[in-house]
Structure formats: C-alpha cells, structure tokens
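Below are the chains, spelled out letter by letter.
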Amino acid sequence: MTLTTQPADALAQMRETAPLVHCITNYVAMNIAANVLLAAGASPAMLHTPEESGDFAAIAGALTVNFGTLSPNWVDGMHKAIDGAQAAGKPWVFDPVAHYASPWRAGIARDLLARQPTILRANASEVLALGGGETAAKGPDAGDEVAAAEATARTLATELGAVVAVTGATDFVTDGTRAVRIDGGSPLMPLVTAMGCSLTCLVGAYAAALDDPFDATVGALALFARAGDIAAQGASGPASFQTAFIDTLHALRPDALAAVAVTDA
Amino acid sequence: MTLTTQPADALAQMRETAPLVHCITNYVAMNIAANVLLAAGASPAMLHTPEESGDFAAIAGALTVNFGTLSPNWVDGMHKAIDGAQAAGKPWVFDPVAHYASPWRAGIARDLLARQPTILRANASEVLALGGGETAAKGPDAGDEVAAAEATARTLATELGAVVAVTGATDFVTDGTRAVRIDGGSPLMPLVTAMGCSLTCLVGAYAAALDDPFDATVGALALFARAGDIAAQGASGPASFQTAFIDTLHALRPDALAAVAVTDA
Amino acid sequence: MTLTTQPADALAQMRETAPLVHCITNYVAMNIAANVLLAAGASPAMLHTPEESGDFAAIAGALTVNFGTLSPNWVDGMHKAIDGAQAAGKPWVFDPVAHYASPWRAGIARDLLARQPTILRANASEVLALGGGETAAKGPDAGDEVAAAEATARTLATELGAVVAVTGATDFVTDGTRAVRIDGGSPLMPLVTAMGCSLTCLVGAYAAALDDPFDATVGALALFARAGDIAAQGASGPASFQTAFIDTLHALRPDALAAVAVTDA
C-alpha cells in the first residue's frame, strides 16, 4: 500500500502535535481557514509583512502561501517567509489561486514555484495551466475535471520534486512515484468560498506534524473529504453546510477516517 | 409596467449565465460577498491590485467597486479596473460606503463617481450626502430613511446617466425616467455586517447577465428582499439569519420571486 | 463593591448609546468583530489608512487598535487614529496580538503602549511578555493561565495608568487599585478565531458609553462570558457555537447578566 501513515493515524498525530501553522493567505479565506485549523486541532497564525514573515516562518511548524488577493508587498512577504521556512528546514505549501487570471499573477506564480514548494495544492484548472496546458477557467473556480489534470500533476511533481495535490470531486495526489485518488466530500463544497484555501492551510498543519509530505497531504485531504460527507447530511445549503463542516472537523474521531476511499492510481 | 425582465426571469438568466464577477470590496465584506454570489449562482473573483485589476476587469462579466476599508493603493487598483471594464464595454457598480466619513474619502468618492458608474448602490444617508444634503449618519450604518433620499436619487440618476439604487426597509431604484420601490427583507438584515456590500456584488452579477442595468438592479434587490423574508422565518438572531439567508439564496426557485412587491414609484 | 455600574446596567447604557466604534483590527477578525458589535447593539466602523484614520477617530465614540495582521502602513494609520482619539478626548483600547511573535512586532507594541491606551486587553501570554516575563506561546493562541499573569497585570495597570484585562477561562481586570475576576464562557471560545479580537472591539463600545473604563471593561467581559455560557448549551462544535453566540448577544436581556460571577480579587 502506498501510504505509510494512514489518514486515521495522521489525524491523531496532527492533533497530538497541535502544530503552529504560518498561513499567508488571501483576505477572503483568512477567517474560515483559521477556524478550520482550530477546529481540526492546529494553531493558525496569519501574518504576512516582510518585516516579520521570515522570522515567524522559522519558528512555525510549517508555512502555507496562497496568493488569492495579491499585491506587490505581499509577494515580498511571501519570499521572506519562504526564506525563513527553508533556512529552518520547515515544509511550505503553495496554492497558486487563479494564477492564469493575469499576466502579472502568472509571473508571480512562476517565481514562487521556482522556490521549490514541498507541496503544491491546486484545482485542476490551475494544475493544467501550470503545466502549460489550456484551461476553461478564468477566475478562481475550476473549469476542468481532476482526471484531466492527472498526467500534468505527475509531470509537475517530478519536475518540482514536490507533492502535487489536485483537488475536486475526486482528489489526486502524487509525488511523481506514488499516486492515490481520494473520494468523498460534497457538491456543496465548491459553493462555499475559500474551502480550497482552507484545505491548503490544513495540509500545512499535517506537513508540520508528519515526516512524509505525501502521507501528510493525503491525510489532510482524507479529513476534508470525510468531514464533507458527514456535514452534507442534513445541510440545507452552503452556509449550514459550512457550519456543520467546521463542527465535524472538531468532533470527528480518527477511526471515522477508515471510511474514506483512498485508492492507488 | 416598468420592467421588461421580471425578477423571476432575471434570476433564471443570471444563473444560466453564471457570470464571473470582479469584486473589489472591503475586508469586512469579502467572505460573505463571495458566499452570497456562489450561493446565488455567480462566480466571484476578488482581486484589487493595479498590476492586474485592469486586465481582469476586461475578462470578467462585470466589475463592482466598494471602498469600505480604503487605502491609496486600492484607489489606483479601482481606477485601473474601471479602465479595463470600460474599455471592454463591461458594466461597473459603485458602492460609496460612508463616503462622508472623512474629507479624504469624500474626495475619492467624487473621483470615482466622475468615472460614470453603470449603477450606484448605496444607503439613504450615502445618497443624500452625494447629493449635497445633510445626513444623520457618521459611519457605515444608515441614519436616514430611503423615502427621504428618493428625490436626490432621481436627480443623481439623471446627472450621472446611471441607475441609482437606494436600499433599506423599502428599496428605491431609478434611472431618472423609470422608478420602482421594492418591499421585503427583514429588520435583521442591517444587523448582519456587509449585507449591503454583498448586494452590490450581486447587482454586478445581474448586470453581467442582463442587458438592461435597471432590470438587473431590480432583479438583484428583489432576490435579496425575498431571501430575507424567507430566512427571517425561524431565525433566532443575526447569525442564524445569515446562515439561512445564504442557504435560501441557493435554494430559492425563480417562481418564488413572484411574491416580491415591485411597485412603480 | 468594586463596580459602580453593574454589568446589567452597563449593557443597557451601551445599547441606549449605540456607540459608533472605530475598530482598527486584523483581517481575520474584521467580519466577526463587526457582527459582534452589531448584535450587541453598537455601530462598528472599520477603516485604517492614515489619510483618514485621525479624522474618523475624533468623531467616533471610541477607538480600538488590534495589530494581528500588521504591516508598516497600518502602523501609521494606528498612530494617526490615536492622535485623533486623544485630541478629541475619546478612549482607546489596545490589543497587542502575539506581540512576541517577532522582534519587529515587539517594537511596534512598545511604541503603541507608550501612547497610553485607556484599556489594554490581552491574553495571559501577551500580558506576561509585556511585563518582561517568559511565555509558553509563540503564535496568537495563549500558552499560559490567566492566574499566572495577574501580578504582571497589576503592575502594568499602575505603570500605564490603564485598565488591564487578561482574558481566558477566568478573566482578570484591574486598574492597579481595583481588581475583579469574571467567570463564565465556554471551552469552545478559544476554538473560534478572533473571539478575543472581537471582545476588544466590544470593550471599545462599552468604553464609548460609560465614563469609567474599569466598569466598561468588566461590563463587556461579563456580556461575553454570559453569552458564551448560553451559546454553549446545545452547540455541536465551534461553528454552531459562533452562530449561537452572536444570536445570544442580540437576544440577551440585561437582567440575564445578574448570573455572571464577578468577584473582587
């Protein structure tokens, strides 16, 4: 089996560690991402300015970088934070939100990708475009199926020496050698803003607690998928789903993750 | 009858289009505004920096500009975005939050108003003050009744060549020639922050999907009013109301909008 | 008894005043803090830029400064706002979020503390570190018990000529002479992000409405504690707790505050 640490053990380990996660994320996502991490059992910290981002990334357990609502001074803060994380040997996770939305943003994404993220988490459209392919998307919502991006994800993972996670109805995770698909979640998830951004932060929490970034990524995605399954039962729409989802992240016991279908790909 | 496209048809058309809406809005509003658009059936994108705002506004279906938590570099981004939207022939919606709160902010509002918004959405205090009148408000909460701002709204609409929407317990919409009032909603709505800001973004979604900005504005306001009516039933306070409101935006079928009272004014 | 105005009367007085509160707070907190103030009966305004922050602080009833997601241009805006508030004789409240997180942030905290806040609200780790002591915390989550910070809080209150509130499972409030402990709330509260930041804004609302900043602080903390007690009944996790908490802030009648244990310390 591809995984050394199963999702149930990964969750227990993450909660035991209660990692401090340095999240540089966008304005839309900050509140929900912090709540997702607190509910799941991690300790989020949102700060971004170059005057302190490098110092803080060095003491946190992991760094996550999401550039949704980007501006030039935040880019400096991201690079300084990556400097700090890498000097301290801490993993960092990159989430290139809608990097194809403008030529300027695409250039920033290339620069950040060149900084060798430990893990790349993106939707299918973002992965396809990073690989030089065509995408149907223009904004942050995906316009392509995960399956269409699997080959590109494998190539990217090998080229970058990173774990690449493509998330959607069925997630795909690969490090170029190993690869799995994860089923679960709910069609309500893309109707709640910043769920993907929050997942990126959660991947950071797992990466801080587990040695293997592949197992860490699969663990975080499995938790999201299972919590999505459970929260969708009885939800009346996207907002009551969001409430139930965060409550579930807190209440869910590791053994409930045995129900998640993680299959070799 | 004043409307060519009734609210029920306007909602169906907006959902059919699923427009990409470029929202430049304040930090308080970003999350709820994105969730309102996703629940209603549109695709929001929040980005603001001058390096990309013009490029993106040109490819989105509409642009909305709200300057709640303003700073100088955001003003540049707003102007670049307006440049992009106008060059591409896309509508833009202006929401001059508490423009009377400081002399500096008032000047920015005048500059943005001079850029000929397609639609202006504001509360009664903001409209009165734009027209040079007195207002009881100092911050973002309205201190005046919509009825007191109707005459000013008509004058502004004619002067600006824009649709002007004054929202409150009874909304008023005019393009200088046509005018309607829309009843509905709940007294809980002003107790949820950024509902007006979210409505501005939703007006953008309708303006992207419908040719007539007057019908688009009335359609968005009618959806808000009806969803507010429904969500208030059984809400225990402002937060459970917000959850029910977003769930309702998603669940509401177009024919439920026949119940909204839109009357000529 | 230490209090001149009991929490029940303080709430009635705050709602009667419906104060306009100028909140400079972090990106994570802005939405929930605004909703907390609206639900409780105050009128929040979020704006920060130096071009207008001084003008606005002078017309608001109180100013609150929280530097969670700090950057240099926000620091300028904070100082200008303090200038405006002090020139107009308005109280201001300081919340030094994780000031020990970086040397740069610690320096900003010292500069702001030297501006003589009317009230300092912080968690135990932040208070201990302000007093020069050791703390177990690295990020925004407290790593120490309130009891361990009481002596430091008394010293700080005397040195600063300020009310110091240390919040946690049992809160401690002192002005150097008077001191009380407040029991209540729920273990779910630290699992909801920005609850402390929101409380800081609420303390500002009370400080705008009451003459005595000690009574104002105790009143705000008593409301939070009691609303937390009530909201925890029936909550399924952190997110449903947050919803119930904001609903409760709106529904709670002053006489329900008689149940809060405020004891001399």
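No experiment lies behind these values; they were computed from the predicted model shown.

About the criteria used
Residues numbered from 1 in each chain as written. Chains lettered and ligands numbered in written order. Predicted model: local features only at pLDDT ≥ 70, side-chain atom pairs only at ≥ 80, totals over all residues. Heavy atoms only, no water. Least-squares fit on C-alpha atoms with pLDDT ≥ 70 in both. Contact = heavy atoms within 4.5 Å. Core = buried A, V, L, I, M, F, W, Y, C linked by side-chain atoms within 4.5 Å. Buried < 20%, exposed > 50% of the residue type's maximum accessible area, 1.4 Å probe, protein only. UniProt positions renumbered as here; feature names shortened; annotations may be inferred. Pairing = 2+ DSSP bridges. Helix = DSSP H or I, 4+ residues; strand = E, 2+ residues; numbered from the N terminus. Axes fitted to C-alpha atoms, helices over the stretch in contact; angles between N-to-C directions. Buried area = accessible area lost by both parts, 1.4 Å probe. Salt bridge = Lys/Arg side-chain N within 4 Å of Asp/Glu carboxyl O. Polar contact = N/O pair within 3.5 Å; in protein donor to acceptor, adjacent residues only side chain to side chain. Nonpolar A, V, L, I, M, F, W, Y, C, P; charged D, E, K, R; others polar. Parallel < 35°, antiparallel > 145°, perpendicular 65-115°, else oblique. Expected span 1.5 Å × (residues − 1).

1. Examining the relation of the copies chain A and chain C
At step 1: Overlaying chain A on chain C yields an RMSD of 0.0 Å, the required transformation being a rotation through 120° with an accompanying axial translation of 0.0 Å. The transformation just described matches what one would write down for a three-fold rotation axis. Scanning chain A for the C-alpha nearest the rotation axis identifies A:Tyr27, at a separation of 3.7 Å.
At step 2: When you check the interface residues of chain A against chain C, a mere 8% turn up at the interface there too, and the two sides of the contact use different surfaces.

2. As for the nonpolar core
At step 1: Formed by 322 residues in total, the largest nonpolar core has its most connected members in A:Tyr206, A:Phe245, B:Tyr206, B:Phe245, C:Leu202, C:Tyr206 and C:Phe245.
At step 2: Once you skip the residues sitting within four places of it in the chain, B:Phe245 turns out to touch B:Val36, B:Met189, B:Met195, B:Phe224, B:Ala227, B:Gly228 and B:Ala231.

3. Quick word on the UniProt feature "binding site: substrate" (unreviewed entry) in chain A
At step 1: The feature "binding site: substrate" (unreviewed entry), as annotated in UniProt, sits at A:Met46 and A:Ala194 in this numbering.
At step 2: Relative accessible area serves as the criterion here: at 9%, A:Met46 is assigned to the buried category.
At step 3: Those residues in contact with A:Met46, other than ones at most four positions away along the chain, are A:Cys23, A:Thr25, A:Met30, A:Ala33, A:Ala34, C:Val28, C:Gly68 and C:Thr69.
At step 4: Since its relative accessible area comes to 11%, A:Ala194 is described here as buried.
At step 5: Not counting chain neighbours up to four residues away, the residues in contact with A:Ala194 comprise A:Val28, A:Ala29 and A:Ile32.

4. Quick look at the sheet that holds strand 3 (residues 62-66) of chain B
All names here are of chain B.
At step 1: Taking strand neighbours across the sheet as the criterion, the nine strands line up as 2-1-3-4-5-6-7-8-9 in an open arrangement whose pairing is mixed. Bordering the open sheet on either side are strand 2 (43-46) and strand 9 (261-264), each of which pairs with just one other strand. Put simply, the sheet's adjacent strands are angled 20° from each other on average, direction ignored.
At step 2: Here strand 8 (residues 179-183) runs beside strand 9; their pairing, made up of four bridges, is antiparallel. Bridge pairing in strand 9 places Arg 181 opposite Thr 263.

5. Brief notes about the interface of chain C and chain B
At step 1: In this complex, chain C contributes 25 residues to the contact, which on the side of chain B involves 29 residues.
At step 2: When chain C packs against chain B, the two sides together hide about 2,200 Å² of surface, and 60% of this comes from carbon and sulfur.
At step 3: Contact with chain B buries area across many residues of chain C, yet C:Leu38, C:Glu52 and C:Asp247 alone supply 23% of it, more than any other trio.
At step 4: Linking chain C with chain B are one salt bridge, by the criterion used here.
At step 5: Its salt-bridge partner being C:Glu52, residue B:Arg105 comes within 2.5 Å of it at the nearest N-O pair.
At step 6: Counting across the interface, chain C meets chain B through eight residue pairs in polar contact (both at pLDDT 80 or more).
At step 7: Among the elements of the structure, helix 2 (30-40), strand 2 (43-46), helix 3 (53-59) and helix 10 (238-251) of chain C are those that each provide at least two residues to the side of chain C that touches chain B.
At step 8: Per-class residue counts for the side of chain C that touches chain B are 14 nonpolar, seven polar and four charged.

6. Describing the UniProt feature "binding site: ATP" (unreviewed entry) in chain A
Residue and element names in this part refer to chain A.
At step 1: As recorded in UniProt, the feature "binding site: ATP" (unreviewed entry) lies at Arg 121 and Thr 167. The greatest C-alpha distance among the annotated residues, which extend across 47 residues, is 7.4 Å, indicating that they converge on a single site.
At step 2: Only 3.2 Å separates the side chain of Arg 121 from the side chain of Asp 95, close enough to count as a polar contact.
At step 3: Positionally, Thr 167 belongs in strand 6 (residues 163-167).
At step 4: When near neighbours in sequence (up to four residues on either side) are disregarded, Thr 167 contacts Arg 121, Ala 122, Asn 123, Ala 124, Val 146, Leu 199 and Leu 221.
At step 5: Polar side-chain contacts of Thr 167 include one of 2.6 Å to the side chain of Arg 121.

7. Brief notes about the side chain of C:His99
At step 1: As for its position among the elements, C:His99 is in the loop between strand 4 (92-95) and helix 5 (103-113).
At step 2: A distance of 2.8 Å separates a polar atom in the side chain of C:His99 from the backbone oxygen of C:Glu126.

8. Quick notes on the interface of chain A and chain C
At step 1: With 25 residues of chain A at the contact, the number on the chain C side is 29 residues.
At step 2: Both sides of the chain A and chain C interface together cover about 2,200 Å² of buried area, and 60% of this is carbon and sulfur.
At step 3: Three residues stand out in chain A for area buried against chain C, namely A:Leu38, A:Glu52 and A:Asp247, and they jointly supply 23% of the buried area on that side.
At step 4: Our count for the chain A to chain C interface comes out at one salt bridge.
At step 5: There are eight residue pairs in polar contact (both at pLDDT 80 or more) connecting chain A and chain C.

9. With respect to the side chain of A:Asn35
At step 1: Here A:Asn35 is to be found in helix 2 (residues 30-40).
At step 2: The class for A:Asn35 is buried, based on a relative accessible area of 6%.
At step 3: Every residue in contact with A:Asn35, bar those within four places of it in the chain, is listed here: A:Ile246, C:Leu191, C:Val192, C:Thr193 and C:Gln242.

10. A word on the packing of helix 4 (residues 72-87) of chain B against helix 5 (residues 103-113) of chain B
Residues and elements named next belong to chain B.
At step 1: The interhelical angle for the contact between helix 4 and helix 5, taken along N-to-C directions, is 10°, at an axis separation of 11 Å. One way to sum up the angle between helix 4 and helix 5 is to call them roughly parallel. Contacts between helix 4 and helix 5 involve Pro 72, Val 75, Met 78, His 79 and Ile 82 on the former and, on the latter, Trp 104, Ile 108, Asp 111 and Leu 112.
At step 2: Looking at the contact of helix 4 with helix 5 residue by residue, the classes come out as seven nonpolar, one polar and one charged.

11. Section: the sheet that holds strand 4 of chain C
Residues and elements named next belong to chain C.
At step 1: What the nine strands build is an open sheet, ordered 2-1-3-4-5-6-7-8-9; its pairing is mixed. Strands with a single pairing partner mark the edges of an open sheet, and in this sheet they are strand 2 and strand 9 (262-264). Going across the sheet, the axis of each strand differs from the next one's by a mean of 20°, ignoring polarity.
At step 2: Note: strand 1 (residues 20-24) against strand 2, four bridges, orientation parallel. Bridging from a neighbouring strand, Cys 23 pairs with Met 46 of strand 2.
At step 3: Running at roughly 10° to strand 8 (residues 179-183), helix 9 (residues 213-232) makes contact with strand 5 (119-123), strand 6 (163-167), strand 7 (170-174), strand 8 and strand 9 of the sheet.

12. A word on unusual backbone geometry
At step 1: The phi dihedral of A:Ala98 is positive, around 45°, even though this residue is not glycine.
At step 2: Checked against the element boundaries, A:Ala98 lands in the loop between strand 4 (92-95) and helix 5 (103-113).
At step 3: Phi at C:Ala194 takes a positive value of approximately 70°, unusual for a residue other than glycine.
At step 4: Here C:Ala194 is to be found in the loop between strand 8 and helix 8 (195-209).

13. Points about helix 4 (residues 72-87) of chain C
An α-helical turn contains 3.6 residues, so a residue and the one three or four places further along point in the same direction.
Residues and elements named next belong to chain C.
At step 1: For helix 4, with 16 residues, the first-to-last C-alpha span of 23 Å sits near the 22 Å given by 1.5 Å per residue.
At step 2: Taken as a whole, helix 4 has its buried residues at Trp 74, Val 75, Gly 77, Met 78, Ala 81, Ile 82, Gly 84 and Ala 85.
At step 3: On its buried face, helix 4 sits against strand 1, helix 2, helix 3, strand 3 (62-66), strand 4 and helix 5.
At step 4: After helix 4 finishes, the residue Gly 89 shows a positive phi value of roughly 75°.

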